[in-house]
Amino acid sequence: MSYDLIVIGTGPGGYVCAIRAAQLGLKVAVVEKRKTHGGTCLNIGCIPSKALLQASEKFAEAEHELAGFGVLVDKPRLDLPAMMKHKDETVTANVNGVAFLFKKNKIDAFHGHATITAPGEVLVKAEDGAAQTLTAKNIVVATGSDFAALPGVEIDEKIIVSSTGALALAEVPPRLLIVGAGVIGLELGSVWGRLGSKVVVVEFLDRILPGLDGETAKQFQRILQKQGFEFHLGHKVGKIERLASGLSVSIEPAAGGAASTLEADVALIAIGRRPVAEGLGLESLGVALDRGRILVDDRFATTVPGIYAIGDVVRGPMLAHKAQEEGVAVAEIIAGQHGHVNYEAIPSVVYTMPEIATVGATEEELKAKGVAYKVGKFPFTANGRARAMRAAEGFVKILADAASDRVLGVHIIGAGAGELIAEAVVLMEFGGSAEDLARTCHAHPTLSEAVKEAALAVDKRAIHI
Ligand code: FAD
Ligand code: NAI
């Protein structure tokens, strides 16, 4: 069977690429080794984690927050199987949605492991051993990423788990040890902490969420500690031993020093993700890799003509919306258009309570580059809607170029931050200034007024503080 485009992998990068290419009139096939479409994000990533974050937030709200609003309820009881059912139903609805979109756009979907046997030739091996060869003018590799292993530690997905096991625990572990204070550790730690686990996080660096604006990360760490998180920063994990019941984990200071021991019922290893570039036949074709990721140029072309790559398997942040943007761009490029991704304006959200949302440069990055900047900051304690919601933790911080006033970065910690960041992304996409934002009317009373006030604060003229 012959196509204009074969996409390998139907995660957010691959499935969006296939749909955009079909919209542009290309004859498209996708190959996916999983039984369902949607990749890491829909099956074992963004979607199930957000379903559990939402559900566990309701639980925590009933336990700790409702009384403050004058709503008295008995101590909530957890029906974990029902919570997991909510998560599973959310996943099923989303993955079925992708299958529907493939049909609607007349995209042929094949299930099996894909190998590129020659430029323009893809061998698909189904689980039952059946094999068939597809041909195409162009191939897009969108094979994503998998969890990074901790050397010497075997993941059984029951007691020592990756994010996949942590999304499906059968019981709430009384003591949950997390290796890595990154996004996965803090999101999934929040889920189980809200449901009753004592959460202890061991992090190699001397801070949480590396890459996040330093001031925002510090405030967030304090909030998490208030929520019951215990952090061992600047520590690395040595041996993890299985005991008759639970685990014994030896940790030692990253800078060297005496080791100590922690005990836990479940350990979550969340130390980053690695690209999936193996098993595709890339080496024999001469497709170059760079530190495990497929090397691409700014048109997503690999070093072999006709083979492109996008998403987690190439450079850049491992985020679903970044993969989607690249999927659209590469489909347009293959169709002869001018697809493009603006990497300066890719937001990033941590879906904890409060949420953290950021776009653009951090203060640390601007200092390192020697860029002169102004800071406008506004706390949610001074926002009427946030007070009415009893969600006044956090702030909006806007960094603008000292000379031109152009917004270079926005960092928000607070309720609804993941939605609030969208206006900052649009502003930055248009090259807007802090004054543009400050002169834009925002509805009252909304959390978004804090964004306007932070923009006013860049010019030291915030009204409500
Ligand atoms: P993937 O989604 O990994 O999809 C790749 C697909 O390719 C897979 O389905 C795989 O089976 C298939 N495949 C691989 N090799 C082959 C082969 N040889 N033949 C056929 N098929 C193959 N990002 C966010 O932006 N927001 C979030 O809230 C968020 N939450 C996350 C939570 C967790 C727990 C995890 C683990 C990740 C989360 N991410 C989140 C990251 C996000 O899931 C990834 O960035 C995104 O899925 C990358 O998309 P992709 O299309 O590049 O690859
Ligand atoms: P991460 O890169 O965010 O964090 C890993 C953490 O582990 C880092 O702080 C690192 O210093 C630490 N670490 C590494 N090795 C260690 C060791 N041996 N001992 C102790 N600490 C160690 O990776 P994470 O959390 O696994 O997430 C993977 C990817 O998935 C991220 O890149 C993220 O982009 C994506 N993701 C995005 C989400 C979102 O957008 N809301 C949610 C979940 C994941």
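Procedures and definitions
- Residues numbered from 1 in each chain as written.
- Chains lettered and ligands numbered in written order.
- Predicted model: local features only at pLDDT ≥ 70, side-chain atom pairs only at ≥ 80, totals over all residues.
- Heavy atoms only, no water.
- Helix = DSSP H or I, 4+ residues; strand = E, 2+ residues; numbered from the N terminus.
- Expected span 1.5 Å × (residues − 1).
- Buried < 20%, exposed > 50% of the residue type's maximum accessible area, 1.4 Å probe, protein only.
- Contact = heavy atoms within 4.5 Å.
- Near = heavy atom within 4 Å.
- Polar contact = N/O pair within 3.5 Å; in protein donor to acceptor, adjacent residues only side chain to side chain.
- Nonpolar A, V, L, I, M, F, W, Y, C, P; charged D, E, K, R; others polar.
- Domains from an automatic or database assignment.
- Pairing = 2+ DSSP bridges.
- Axes fitted to C-alpha atoms, helices over the stretch in contact; angles between N-to-C directions.
- Salt bridge = Lys/Arg side-chain N within 4 Å of Asp/Glu carboxyl O.
- Core = buried A, V, L, I, M, F, W, Y, C linked by side-chain atoms within 4.5 Å.
- Areas by Shrake-Rupley, 256 points an atom, 1.4 Å probe, with all protein chains shown as cover.
- Phe/Tyr/Trp six-rings, centres within 6.5 Å; stacked < 30°, edge-to-face > 60°.
- Lys NZ or Arg CZ within 6 Å of the ring centre and 35° of its normal.
- Disulfide = S-S within 2.5 Å.

Here we look at helix 9 (residues 320-334)
Every α-helix winds through 3.6 residues per turn, so residues three or four apart in the chain are directed the same way. The terminal C-alpha atoms of helix 9, which comprises 15 residues, lie 21 Å apart, in line with the 21 Å expected from a rise of 1.5 Å per residue. Of all the positions in helix 9, only Lys-322, Ala-323, Glu-326, Gly-327, Ala-329, Val-330, Ala-331, Glu-332, Ile-333 and Ile-334 are classed as buried. On the buried face of helix 9, the contacting elements are strand 1 (2-8), helix 1 (12-23), strand 6 (131-141) and strand 19 (307-309). Gly-336 lies just past helix 9 and shows a positive phi near 90°.

Focus on the site of ligand 2
Surveying the vicinity of ligand 2 reveals 21 residues, the closest of which are Ile-184, Glu-187, Glu-203, Gly-272 and Val-349. Measuring from a nitrogen atom of ligand 2, one finds a side-chain N or O atom of Glu-187 at 2.9 Å. In the model, an oxygen atom of ligand 2 is placed 2.9 Å from a nitrogen or oxygen of the Gly-272 main chain. Here the element with the most residues in the shell around ligand 2 is helix 6 (residues 183-194); it accounts for three residues. A breakdown of the residues in the shell around ligand 2 according to their chemical character gives 14 nonpolar, three polar and four charged. For the shell around ligand 2, the two domains that each supply at least three residues are domain 1 (2-147 + 274-341) and domain 2 (160-271).

Here we look at the sheet that holds strand 11 (residues 230-232)
Spatially, five strands are ordered 8-15-9-10-11 in an open sheet, and the strand pairing comes out parallel. Of all strands in the sheet, those with a lone pairing partner are strand 8 (160-161) and strand 11, marking the two edges. Alignment of strand 8 against strand 15 (residues 266-269), held across two bridges, turns out to be parallel. Within strand 15, the residue paired with Val-161 across the bridge is Leu-268.

Considerations on the sheet that holds strand 23 (residues 395-401)
An order of 20-21-24-23-22 is seen for the five strands of this open sheet, with the pairing classed as antiparallel. Where the open sheet ends on each side, the last strands, each with one partner, are strand 20 (348-350) and strand 22 (373-379). For this sheet, the mean angle separating the axes of adjacent strands, direction not counted, is 10°. Of the pairings in the sheet, the one linking strand 21 (residues 355-360) to strand 24 (residues 407-414) comprises six bridges and is antiparallel in character. Across the sheet, residue Ile-356 finds its bridge partner in strand 24, namely Ile-413. The sheet strands contacting helix 12 (residues 417-429) are strand 20, strand 21 and strand 24, and the helix crosses strand 21 at an angle near 10°.

Quick word on the pattern of salt bridges
Per the stated rule, a full pass over the model turns up 25 salt bridges. Of the charged contacts in the structure, one is a salt bridge between Lys-397 and Glu-215, with a shortest N-O distance of 2.5 Å. Taken as a pair, Lys-397 in strand 23 and Glu-215 in helix 7 (residues 214-226) lie far apart in primary sequence, 182 residues in all. Here Glu-215 falls in the partly exposed class, since its relative accessible area comes to 31%. A single network of salt bridges, built from pairs that share partners, joins Asp-213, Glu-215, Glu-363, Lys-367, Lys-377 and Lys-397.

Points about the nonpolar core
By size, the foremost hydrophobic cluster in this structure holds 37 residues, and its most contacted members are Leu-186, Trp-192, Ile-208, Leu-209, Phe-220, Phe-231 and Leu-268. Among residues more than four places away in sequence, those in contact with Phe-231 are Ala-181, Leu-186, Val-201, Ile-208, Gln-221, Leu-224 and Gln-225. Ala-345, Val-410, Leu-437 and Val-458 belong to the second-largest nonpolar core, a separate cluster that totals 33 residues.

What to know about the site of ligand 1
Contacts to ligand 1 come from 38 residues, most closely from Gly-13, Glu-32, Thr-40, Lys-50 and Ala-320. A distance of 2.6 Å is found between an oxygen atom of ligand 1 and a side-chain nitrogen or oxygen belonging to Glu-32. Backbone polar atom of Cys-46 to a nitrogen atom of ligand 1: 3.5 Å apart, as the coordinates give it. When ligand 1 is considered free in solution it has 1000 Å² of accessible area, and contact with the protein chains removes 95% of it.

Remarks on the packing of aromatic side chains
If you walk through the whole model with that rule in mind, you get two aromatic pairs. Seen from their ring centres, Tyr-3 and Phe-110 are 6.4 Å apart, and the 80° between their planes marks the pair as edge-to-face. Of this pair, Tyr-3 sits in strand 1 while Phe-110 is found in strand 3 (residues 108-111), placing the two residues 107 residues apart along the sequence. For the residue pair Tyr-3 and Phe-110, the accessibility class agrees, reading buried in each case. Seen from their ring centres, Phe-229 and Phe-231 are 5.8 Å apart, and the 20° between their planes marks the pair as stacked. Of the two residues examined, Phe-229 and Phe-231, each falls in the buried class. A cation over a ring is seen here: Lys-377 above Phe-395, with NZ or CZ 4.6 Å from the ring centre. Positioned over the ring face of Phe-69 is Arg-390, at 5.8 Å from the centre of the ring.

Some details on helix 3 (residues 46-65)
Listed as buried for helix 3 are Pro-48, Ser-49, Ala-51, Leu-52, Leu-53, Ala-55, Ser-56, Phe-59 and Ala-60. Of the surrounding elements, those touching the buried residues of helix 3 are helix 2 (39-44), helix 4 (80-104) and helix 6.

Digging into the state of the cysteines
The full count for this structure, using the stated rule, is zero disulfides. Here Cys-17 is not cross-linked by a disulfide; its sulfur's nearest cysteine counterpart is in Cys-41, at 16 Å.

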